[in-house]
Amino acid sequence: MALSTSNSVSIAQNFHHDLPSRASFIRTTTLSILKTRRRRRRRRDRSGTQAHHLLVLVNPLYDSSPLTCRLPRSSFSPMQDTSSSSTYSPRATVRSSLIEPDGGALVELVVPEAERAARRAEASRLPAVRIGPVDLEWVHVVADGWASPLRGFMREAEYLQSLHFRSLRLADGSVVNMSLPIVLAIGDEEKEAIGKAPDVALTSPGGDFVAILRRIEIYKHNKEERIARTWGTIAPGLPYVEEVITRAGNWLIGGDLEVLEPIKYNDGLDQYRLSPRELRKEFDKREADAVFAFQLRNPVHNGHALLMNDTRRRLLDLGYKNPLLLLHPLGGFTKADDVPLSVRMEQHSKVLEDGVLDPKTTIVAIFPSPMHYAGPTEVQWHAKARINAGANFYIVGRDPAGISHPTEKRDLYDPDHGKKVLGMAPGLEKLNILPFKVAAYDTVGKKMSFFDPSRAQDFLFISGTKMRTYARNGENPPDGFMCPGGWNVLVNYYQSLQKEETGKESAVVSLKS
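Rules used throughout
- Each chain has its residues counted from 1, following the order in which its sequence is written.
- Totals for whole chains, interfaces and linings use all residues, but because this is a predicted model, local features are given only for residues with pLDDT of at least 70 and pairs of side-chain atoms are given and counted only at 80 or more.
- Note: side-chain values were computed over all heavy atoms of the structure, leaving out hydrogens and water.
- To form a nonpolar core, buried Ala, Val, Leu, Ile, Met, Phe, Trp, Tyr and Cys residues must be joined to one another through side-chain atoms within 4.5 Å.
- Buried means the residue's accessible area, taken with a 1.4 Å probe over protein chains only, is under 20% of the maximum for its type, while exposed means over 50%, and partly exposed covers the values in between.
- Helical segments are the DSSP runs of H or I of at least four residues, strand segments are the runs of E of at least two, and each set is numbered from the N terminus.
- We call two residues in contact when some of their heavy atoms are within 4.5 Å.
- DSSP-based pairing: two strands are paired if at least 2 bridges between them are found.
- With axes taken as lines fitted to C-alpha atoms, and helix axes fitted only over the stretch in contact, angles between N-to-C directions fall between 0 and 180 degrees.
- An angle below 35 degrees is read as roughly parallel, one above 145 as roughly antiparallel, one from 65 to 115 as roughly perpendicular, and any other as oblique.
- Under the scheme applied here, ten amino acids are nonpolar (Ala, Val, Leu, Ile, Met, Phe, Trp, Tyr, Cys and Pro), four are charged (Asp, Glu, Lys and Arg), and all others, including Gly, are polar.

Turning to the nonpolar core, a few remarks are in order. Within the largest apolar cluster, 81 residues are counted, with the highest numbers of intra-cluster contacts made by Phe153, Ile182, Leu202, Trp231, Leu257, Trp381 and Tyr394. If one sorts the elements of this core by residue count, helix α5 (residues 133-144) sits on top with 7 residues. Filtering out sequence-adjacent residues up to four positions away, Ile182 remains in contact with Trp138, Val142, Ala147, Leu150, Phe153, Met154 and Trp381. Listed in part, the 25 residues of the second largest apolar core include Ala290, Phe292, Phe393 and Ile395.

Below you can see the structure in the form of structure tokens.
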């Protein structure tokens, strides 16, 4: 209902002097709005346009947040059983993109092919900043839209919001989650060379032009504050800190990115690095009515598979007809003793070949983000990025993105805090969080099962460290822990490492002799 300026002033004055009139006005205005909405709804219904109910279901999955799905009025009424195929038709209404990207639209920053030659020529005339391998991974992340609505490396205002509030407030007043600062560090010499230039070129570790950073802002890089607020400790030995931050420059440079061409790694895995837009298209192509994402940086064992298959079954029980699993291993920087990406991808392939997961209902893709090992702070980033890819469910486990304390014999984070934080984090309200049910090896059933506290003595917990020790020693885990094909991939990898180490030791001995 539109109001003129003069009417608005008059009404405002009356509100200050006449509270009963104010209450009456609110009631009248509210009733008018509701009547208008009802008339519009009736017109839409008569014209055949499907109106929608928002159905909030009490979530019986893992006592998590309510599950939300959007159903057409013509196929649903609150009294109907939505598990019945006669009352629910996803083909007519459901798109995987039910969940909008943060900010309402995906950010994509790769320059159109027709403009690349001109941009490259321009880059050659600008002050240049050479970036490292992890910086290049962040360029990839931002360029493809995983961090939407972020359009480049953070300027100071964005950095401070991310560091202190774990979120960004947009121009319209809405809030999106942004729990990790995405920043680019430079040194004193680079800062001096840039001078007052408004734009800079970014070059790869090999010296090739990667991007132009526009309308730059340079500000102080307080490393201690950044480390303390991101990890909750400044203890030495944090992998990302040692690899990236400690050796980084004393300044941060922010600005808008224009990426000169799609980021490729030429490692035989680029076909798995699907962008958020490509994933959304694939979900729509497969007519998914729910997408549940599972991130991991370890090989898939049968406990993981039990959880993923059980999640799909429960979504089917709730009335979804075609829920798809996004198996989404992290593909950026990981610590030295983690299983490399190429080995993990081969192992995941064997899991699908052996039928542990169904290839028809599973999409395997690589998430290009570097790993911080920052626990509850980082898991928010992992969840937020999957919103931008179109996933409306996110599975979270014990101690997500966690790590052992670098100087003490304990976990750095409480193992339950990650899933609790996700249920409260600002900007993640539209994502359904599905906490793990704990799975362990059932020594009686000789398989991975959900842990039963009433017979705790029958369960064996096999940690990632224990799993790697088995593989390194050429030992087999208990039957039913992992599919044979997937286990052989790990054994072969660790045996190859031992051969390399033996070869290096032999070379050292021969040199000494």
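Here the narrative resumes.
Read across the sheet, 3 strands follow the order β17-β16-β18 without closing on themselves; strand pairing throughout is antiparallel. Where the open sheet ends on each side, the last strands, each with one partner, are β17 (447-450) and β18 (459-460). For strand β16 (residues 439-442) and β17, the ladder comprises 4 bridges, and the chain directions are antiparallel. Looking at the pairing, Ala440 lines up with Ser449 of β17. Where helix α11 (residues 302-317) meets the sheet, its contacts fall on β16 and β17, and the angle it forms with β17 comes to roughly 50°.

Ser148 connects to Pro149 through a cis peptide bond whose omega is 10°. Among the structural elements, Pro149 can be located in the loop between α5 and β4 (152-153).

Moving on: the packing of helix α6 (residues 156-165) against helix α8 (residues 223-231). One way to put it is that α6 packs onto α8 with a least axis distance of 9 Å and a crossing angle of 40°. In this view, α6 runs oblique relative to α8, as classed from their interaxial angle. In this structure, α6 uses Tyr159, Leu163 and His164 to contact α8, whose residues at the interface are Glu225, Arg226, Arg229 and Thr230. Across the contact of α6 with α8, the residue classes tally to 2 nonpolar, 2 polar and 3 charged.

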